[in-house]
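What follows is the residue order along each chain.
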Amino acid sequence: MKAIIAVPATLALVYRAYLHKSLTPLGIFTAALTAAAHAVHPWNLPFVLLCVFFLAGTRVTKVKAYVKAGLTLSSQGSGGGEGPRTHVQVLANSLMASFFSLLHAYQLRMRHDAVVSQRQVPDGSFCYSWGGDLLVVGIIANYAAVCADTFSSELGILSRSTPRLITSLSLRKVPRGTNGGVTLWGLVAGLIGSTIIVSSSLLFLPMCGGDTKGRVGGGDSWTVGQKATFAWGLCLWGALGSVLDSFLGGWLQKSVRDVRSGKIVEGDGGLRVLTSSNAKPPSPESVDKVTADAKAKLLHGEGSHAVEKQGSVADPYDPKDKHRGSHFGDLKPTRVTESGFDLLDNNDVNFLMAFTMSVGAIVLAGWYWGVPLNDILKA
């Protein structure tokens, strides 16, 4: 991409992120480096997809933000909703695309050197042909999947229907914001997000046309059927990314529910949320001993060996017991696990999904086009 376009565009994105507090300071720095990695590519496509994902993702995050803030809780005790994204979240969504973009830029450079310096006819093309470079499919698939996941998460939570846990055999209902909770509107929103990325790809992808046929580094023009297959295949594949993210989140990421409000607790920056679900409440005897010690301090040592009567107290949580202590609400955990295993945090899940969908798209496209994977970097 030309520097005269890339530099002002990157500065504009950085300024917008700072102005709207979309990213943390370190997140802004990481996003600038990511933009530079995309701008190295001679095509405009990778940089455009990064910009479209950033602008579309931050826009849907702001949709009814005041409503979404009341649907979940923050781990810090305030209202929920998405805060400024961190550098880890930036990398989780764009690291694979950056890697594939740099690889493809290197591939095009080798192809150029083969023509200019060595006077050889390259196997590949400088434009994008049907059955062309697989790395391009990985770049598009990455952003289609992460954009679909963002749209599904940010808009699906606003659905009027109650989410259902996709990893549950009974598809039980779960609170809004639960990892693995899906709604029909959330799935549709994911398809919309994927379509936005793929539509942008069709506009900026330098497809081979009639003017490139027969030229060195050229290729045959695309048919209408090939364009439709390419577009719909990537749209559906990207939408499946949000479904995969729901399965991974429902299985591998712990969702924490606040007992008092019934709302899901979200970790800042996509990090884990601590719970006390594994902690055992103290026994009645230990509670009575603590109470006696507290009374002893108040009485200046009197009753230091006293222990409250325990005869009729069988269950400290029994609401019918009028003589129970004031510790009733303090013995049970206020945060419990709603679903999932505590193996990954939200950033880990997002990266695993992006990795799987981008690499999976390359493998699937290679199989469909009959392109061996060992030719992925052919000049």
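Residues numbered from 1 in each chain as written. Predicted model: local features only at pLDDT ≥ 70, side-chain atom pairs only at ≥ 80, totals over all residues. Heavy atoms only, no water.

Q: Would you mind going over the pattern of salt bridges with me for this structure?
A: Oppositely charged side chains can form a pair if their charged atoms are brought close together. Scanning all chains against the criterion turns up nine salt bridges. Here aspartate 342 makes a salt bridge to lysine 254, at a shortest N to O gap of 3.7 Å. Here aspartate 342 is found in the loop between β6 (335-339) and α10 (346-369), whereas its partner lysine 254 is found in the loop between α8 (224-252) and β4 (255-258), with 88 residues between them in sequence. On the basis of relative accessibility, which here comes to 40%, the residue aspartate 342 falls in the partly exposed class. (Salt bridge = Lys/Arg side-chain N within 4 Å of Asp/Glu carboxyl O. Helix = DSSP H or I, 4+ residues; strand = E, 2+ residues; numbered from the N terminus. Buried < 20%, exposed > 50% of the residue type's maximum accessible area, 1.4 Å probe, protein only.)

Q: Is there a simple way to explain the sheet that holds strand β5 (residues 264-266) in this structure?
A: Each strand in a sheet pairs with its neighbour through backbone hydrogen bonds, running either in the same direction (parallel) or in the opposite one (antiparallel). Strand order in the open sheet formed by four strands is β1-β5-β4-β6, and the pairing between neighbours is mixed. Either end of the sheet is taken by a strand with one partner, and the two such strands are β1 (73-74) and β6. Examined bridge by bridge, β4 and β5 share two bridges and lie antiparallel to one another. Note on β5: the bridge partner recorded for valine 256 is valine 265. (Pairing = 2+ DSSP bridges.)

Q: Just to check I follow, could you spell out the environment of proline 163 for this structure?
A: When you line up the elements, proline 163 lands in the loop between α6 (134-156) and β2 (164-165). Between the C-alpha atom of proline 163 and that of glycine 180, which follows or precedes it by 17 residues, the distance is 8.8 Å. Every residue in contact with proline 163, bar those within four places of it in the chain, is listed here: Arg172, Lys173, Val174, Pro175, Arg176, Gly181, Val182 and Thr183. (Contact = heavy atoms within 4.5 Å.)

Q: When you look at the packing of aromatic side chains in this model, what are you seeing that I'm missing?
A: Describing an aromatic ring pair means giving the distance of the ring centres and the angle of the ring planes. According to the stated counting rule, one finds 11 aromatic pairs in the structure shown. Centre to centre, the rings of tyrosine 128 and phenylalanine 230 are 6.2 Å apart; their planes meet at 55°, and the pair counts as tilted. Linking tyrosine 128 in the loop between α5 (87-116) and α6 with phenylalanine 230 in helix α8, this pair joins segments that are 102 residues apart in sequence. Overall, the relative accessible area of 0% leaves tyrosine 128 in the buried class. Taken together, Trp43, Tyr128, Trp130, Trp222, Phe230, Tyr368 and Trp369 form an aromatic cluster joined through their ring pairs. (Phe/Tyr/Trp six-rings, centres within 6.5 Å; stacked < 30°, edge-to-face > 60°.)

Q: Explanation requested: the side chain of serine 159 in the structure shown.
A: Structurally, serine 159 can be placed in the loop between α6 and β2. Look at serine 159 and you get buried, because its relative accessible area is 8%.

Q: Where do I start with the confidence of the model for the protein in this structure?
A: As a general rule, the predicted coordinates of low-pLDDT regions are not to be interpreted in detail. Overall, the predicted model of the protein reaches an average pLDDT of 87, with 83% of residues at or above 70. Confidence drops under pLDDT 50 across residues 324-328; counting only partners more than four residues distant or on other chains, this segment forms seven contacts. (pLDDT = per-residue confidence, 0-100.)

Q: Sorry if this is basic, but what is going on with the packing of helix α3 (residues 45-62) against α6 here?
A: Relative orientation and spacing of two packed helices are given, respectively, by the angle between their axes and the distance between those axes. Two elements in contact, α3 and α6, have axes whose closest approach is 9 Å; the angle formed by their N-to-C orientations is 5°. Relative to α6, α3 is oriented roughly parallel. For the pair formed by α3 and α6, the contact residues are Leu45, Pro46, Leu49, Leu50, Phe53, Ala56, Gly57, Val60 and Thr61 on the first element and Val136, Ile139, Ile140, Tyr143, Val146, Cys147, Thr150, Phe151, Glu154 and Leu155 on the second. Its residues assigned to classes, the contact of α3 with α6 shows 15 nonpolar, three polar and one charged. (Axes fitted to C-alpha atoms, helices over the stretch in contact; angles between N-to-C directions. Parallel < 35°, antiparallel > 145°, perpendicular 65-115°, else oblique. Nonpolar A, V, L, I, M, F, W, Y, C, P; charged D, E, K, R; others polar.)

Q: Would you mind showing me how to read the nonpolar core here?
A: Generally speaking, nonpolar side chains in soluble globular proteins are found buried as a group. Counting 60 residues, the largest nonpolar core has Tyr128, Val137, Tyr143, Ile197, Leu205, Phe230 and Trp369 as the members making the most contacts within it. Counting residues per element, the ones that place at least two in this core are α1 (3-19), α2 (25-39), α3, α5, α6, α7 (184-204), α8 and α10. If one sorts the elements of this core by residue count, α6 sits on top with 14 residues. (Core = buried A, V, L, I, M, F, W, Y, C linked by side-chain atoms within 4.5 Å.)

Q: So what exactly am I meant to see when it comes to α3 here?
A: For an α-helix the count is 3.6 residues per turn, leaving residues at separations of three or four pointing the same way. Helix length check: α3 (18 residues) gives 26 Å between terminal C-alpha atoms against 26 Å at 1.5 Å per residue, within 8%. In terms of residue burial, α3 counts as a mostly covered element, since 15 of its 18 residues are buried. (Expected span 1.5 Å × (residues − 1).)

Q: What is the right way to read the state of the cysteines from this model?
A: One covalent bond between the sulfur atoms of two cysteine residues makes up a disulfide. Evaluated as defined, the whole model comprises one disulfide. Between the sulfur atoms of cysteine 127 and its disulfide mate cysteine 208 the distance is 1.9 Å. The chirality of the disulfide connecting cysteine 127 with cysteine 208 is right-handed, given an S-S dihedral of about 95°. In this pair, cysteine 127 is assigned in the loop between α5 and α6 and cysteine 208 in the loop between α7 and α8, connecting sequence segments 81 residues apart. Judged by relative accessible area, cysteine 127 falls into the buried class, the value being 10%. (Disulfide = S-S within 2.5 Å.)

Q: What is the right way to look at the side chain of threonine 10 in this model?
A: Following the sequence through the fold, threonine 10 ends up in helix α1. At 2.8 Å, the side chain of threonine 10 forms a polar contact with the backbone oxygen of alanine 6. With sequence-adjacent residues up to four places away left out, threonine 10 is seen in contact with Ala32, Ala35 and Phe47. (Polar contact = N/O pair within 3.5 Å; in protein donor to acceptor, adjacent residues only side chain to side chain.)

Q: Whenever I open this one, the pairing of β4 confuses me. Can you help?
A: Here is the key point about a regular strand: its side chains alternate between the two faces of the sheet. In terms of strand pairing, β4 meets β6 through four bridges, oriented antiparallel. Looking at β6, one finds that arginine 257 is bridged to valine 336.

Q: Even after reading the chapter, I still don't get a nonpolar patch on the surface, so can you show me in this structure?
A: On the surface, a nonpolar cluster with roughly 510 Å² of combined accessible area is contributed by Leu184, Trp185, Leu187, Val188, Ile192 and Ile196. You can see leucine 187 is positioned in helix α7. For leucine 187, a relative accessible area of 37% puts it in the partly exposed group. (Patch = residues over 30% accessible without salt bridge, like charges linked within 9 Å, V, L, I, M, F, W, Y side chains within 5 Å. Areas by Shrake-Rupley, 256 points an atom, 1.4 Å probe, with all protein chains shown as cover.)

Q: Hey, could you run me through unusual backbone geometry in this one?
A: Apart from glycine, the bulk of residues carry a negative phi angle, and the bulk of peptide bonds sit in the trans form. For lysine 64, which is not a glycine, the phi torsion comes out positive at approximately 50°. Mapping lysine 64 onto the fold places it in the loop between α3 and α4 (65-69). Given the relative accessible area of 46%, lysine 64 is considered partly exposed. Even without a glycine there, the phi angle at leucine 171 is positive, about 50°.

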